[in-house]
Amino acid sequence: MNDFMYYNPVRVHFGADAMSHLPEELGKFGANVLLTYGGGSIKRTGLYERVLDALRAAGKSVYELSGIMPNPRTEKVYEGIELCRKHKIDLILAVGGGSTIDCSKAIAVGAPAEGDFWESAETGIPLGVILTIPATGSELDKSAVITNFATGEKNCYDSEWEFPRFAILDPTLTYSLPKNQMVNGIVDTMSHLMELYISPPDDDFLTDNLAEAAMRTEIAAARRSIVEPTDYEARANLMWTSSFALCGMLNNGKKTDWESHCIEHPLSALFDVAHGAGLAVVHPAYLEYICESAAPRLARFARNVWGIDPAGKSESEQAKEGIAALKKFFHEELGAPATLRALGVPESCFARVAELTDLSCYSYRQLTADDVIEILRRCY
Ligand code: NZQ
Ligand code: ZN
């Protein structure tokens, strides 16, 4: 097990009654609140009114930043920073998914900063979160992923000031998700768990065993949610597994491997591909490509996550069966996109995607730009 530092200060209120804790959380912060949200789902579900009622009852002055788009853009961050400076915001309340939360995090550290939001994060405006889609784990981590469409860059900015002060996780808020968004979230969660788990060291220790349990839980809850979208236990497990995946606990002692995410990010930045949809195509293709270098770990993944019987099979054969089971789950059971063509990504952009891919996040096998092009070609 590698040495590690573990820290996570987020206070979590979890359950069907979690929203009842909003007033006590609001009471801890000053009067000026910036309410941030996306394209309008919270208005359609009635959540917007519930949140506004709580804010009014707490005597807050409420300012709003709406229309935060999936793959949130730098322009939206600057808009929020202006609002915070103008109205002396005491709390940013993000209501939505990873895009709304990430944009709010960048605003939180950018508003008090002298330079640009990614240059100096010496402090941050407090951030609270009401989560509506289990996917990114942003509600429990210190990362914000922001896209600059002008340059084709989608970058991850880390700072301890980006940790939310509180996160309200009510699984019933996810019942209204369209199926494709629920699936994007499941794929993203599985992808996070695999990025952490399919990396050295290969000893058998707590972090690996927790990650396997999290993957089995995610798969079982996904299967139930597909059949019955209002199955509370299934939704609750999807929500908590996605948050748990990136709370830091599953990094402990691991090298981690974020190369699939690094290949997906330019696809989002160049073609506005939904993050989970891009990963559904790229991550299995990446694992197939590195299969021989990671065979013992992928064989364990096959046995302990997918229940593959190892009898009479080499590690390489087990590994291949595990990846096949993952593809069947993503593409056949969940109906996630299986090819770049299905995402509208043209072959002509592969060299540009490879150029924009950060190649430093590997674990078992370092890729070159040519390797990235070959992976993209294989999943076209
Ligand atoms: O914008 P609205 O109208 O709210 O609709 C959203 C959006 O269209 C909709 N939605 C969310 N909750 C809903 C709902 N519709 C109906 N009912 C609900 N309850 O879902 C759509 C997608 O929302 P978004 O916030 O974009 O999804 P997600 O949570 O998957 O976030 C994706 C972003 O997070 C980044 C991704 O790269 C992407 O930019 N990530 C952030 C990470 C982090 N901070 O640690 C890690 C991840 O790997 C990821 O990179
Ligand atoms: Zn992700």
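Every chain is numbered on its own, with residues counted from 1 as its sequence reads. All chains are assigned letters beginning with A, and all ligands numbers beginning with 1, in the order in which they are written. This being a predicted model, a pLDDT of at least 70 is required before a residue's local features are given, and a value of 80 or more before pairs of side-chain atoms are given or counted; all residues contribute to the totals for chains, interfaces and linings. Hydrogens and waters are ignored; side-chain quantities use all the structure's heavy atoms.

### So, the site of ligand 1
Then comes step 1: In this text, near means that some heavy atom of the residue lies within 4 Å of the molecule or strand in question. Around ligand 1, a shell composed of 31 residues is seen, among which Gly-39, Gly-98, Ser-99, Asp-141 and Lys-154 lie nearest.
Then comes step 2: Two N or O atoms count as a polar contact when they lie within 3.5 Å, although within protein this holds only if one can serve as hydrogen donor and the other as acceptor, and sequence-adjacent residues are included solely when both atoms are side-chain atoms. Between a nitrogen atom of ligand 1 and a main-chain N or O atom of Leu-173, the distance comes to 3.0 Å.
Then comes step 3: In this structure, His-275 approaches ligand 1 through a side-chain N or O atom, which is 3.1 Å from an oxygen atom.
Then comes step 4: Shrake-Rupley sampling with a 1.4 Å probe provides the accessible areas, and residues are treated as covered by the protein chains on show and by no other component. Contact with the protein chains covers 89% of the free accessible surface of ligand 1, which is 970 Å².
Then comes step 5: Helix and strand labels come from DSSP, where a helix needs a run of H or I of at least four residues and a strand needs a run of E of at least two; each type is numbered from the N terminus. For the shell around ligand 1, the secondary structure elements donating two or more residues are helix H5 (98-110), strand E6 (143-148), helix H6 (179-197) and helix H9 (259-271).
Then comes step 6: Note on residue categories: nonpolar means Ala, Val, Leu, Ile, Met, Phe, Trp, Tyr, Cys or Pro, charged means Asp, Glu, Lys or Arg, and polar means any other residue, Gly included. In terms of residue class, the shell around ligand 1 is built from nine nonpolar, 18 polar and four charged.

### Description of the side chain of Asn-184
Then comes step 1: Looking at the element boundaries, Asn-184 is found in helix H6.
Then comes step 2: Buried residues are those whose accessible area, probed at 1.4 Å on protein chains only, stays under 20% of the maximum for their type, while exposed residues exceed 50% and partly exposed ones sit between those limits. A relative accessible area of 11% means that Asn-184 is categorised as buried.
Then comes step 3: Contacts: residue pairs with any heavy atoms within 4.5 Å of one another. Ignoring sequence-local partners within four residues, the contact set of Asn-184 consists of Ala-274, Gly-276 and Ala-277.

### Topic: the packing of H6 against H9
The geometry of a pair of packed helices is captured by two quantities: the angle between their axes and the separation between those axes.
Then comes step 1: Note on geometry: axes are lines fitted to C-alpha atoms, helical ones only across the stretch in contact, with angles between N-to-C directions running from 0 to 180 degrees. In contact at an axis separation of 9 Å, H6 and H9 are set at 135 degrees when each is read in the N-to-C sense. The pairing of H6 with H9 is recorded here as oblique in orientation. Note on element contacts: H9 touches H6 through Glu-259, Ser-260 and His-261, opposite Asp-188, Ser-191, His-192 and Glu-195.
Then comes step 2: Of the residues that constitute the contact of H6 with H9, the class distribution is no nonpolar, four polar and three charged. Should an angle fall under 35 degrees it is called roughly parallel, over 145 degrees roughly antiparallel, and 65 to 115 degrees roughly perpendicular, with every other angle called oblique.

### Let's talk about the coordination of the zinc ion (ligand 2)
Ideal values for angles at a metal depend on the geometry: 109.5 degrees with four tetrahedral donors, 90 or 180 degrees with six octahedral donors.
Then comes step 1: Surrounding the zinc ion (ligand 2) are the protein donor atoms Asp-188 (OD), His-192 (NE2), His-261 (NE2) and His-275 (NE2), which sit 2.0 to 2.1 Å from the metal.
Then comes step 2: If you list the donors of the zinc ion (ligand 2) from N- to C-terminus, the spacing comes out as D-x3-H-x68-H-x13-H. Of this pair, Asp-188 and His-192 are both found in helix H6, four residues apart, which corresponds to roughly one turn of the helix. For Na, K and Ca the donor cutoff is 3.2 Å, while for all other metals N, O and S atoms count as donors only within 2.8 Å; water does not appear among the atoms, so some sites may look incomplete.

### A look at empty space enclosed by the protein
Taking a probe equal in size to a water molecule and rolling it over the atoms shows the remaining empty space.
Then comes step 1: Any residue with an atom within 4 Å of a point lines the site, the site being either a cavity, points on a 1 Å grid over the protein atoms alone where a 1.4 Å probe fits but cannot get out, or a pocket, an open set with protein on both sides within 12 Å along at least 5 of 7 lines. Grid points are joined across faces, edges and corners, and a volume is the space filled by probe spheres set on the points. Tallying each qualifying case throughout the model produces one cavity of 30 Å³ or more.
Then comes step 2: If you add up the space inside the largest cavity, you get close to 30 Å³.
Then comes step 3: In this structure, the largest cavity is lined by Pro-134, Met-182, Gly-185, Ile-186, Thr-189, Glu-218, Leu-238 and Ser-242.
Then comes step 4: Elements with a contribution of two residues or more to the lining of the largest cavity: H6 and helix H8 (232-245).

### Some thoughts on the packing of aromatic side chains
Then comes step 1: Think of it this way: a Phe, Tyr or Trp ring, Trp meaning its six-membered ring, pairs with another when their centres are within 6.5 Å, and the plane angle makes it stacked under 30 degrees, edge-to-face over 60, tilted otherwise. Tallying each qualifying case throughout the model produces 13 aromatic pairs.
Then comes step 2: Through successive ring pairs, a cluster of aromatic residues spans Tyr-197, Phe-301, Trp-306, Phe-329 and Phe-330.
Then comes step 3: Placement of a positive charge over a ring is assigned whenever Lys NZ or Arg CZ falls within 6 Å of the ring centre and within 35 degrees of the normal to the ring plane. Across from the ring centre of Tyr-48, 4.6 Å away, lies the NZ or CZ of Lys-43, which sits over that ring.
Then comes step 4: The ring of Phe-149 carries the charged tip of Arg-73 above its face, separated from the ring centre by 3.9 Å.

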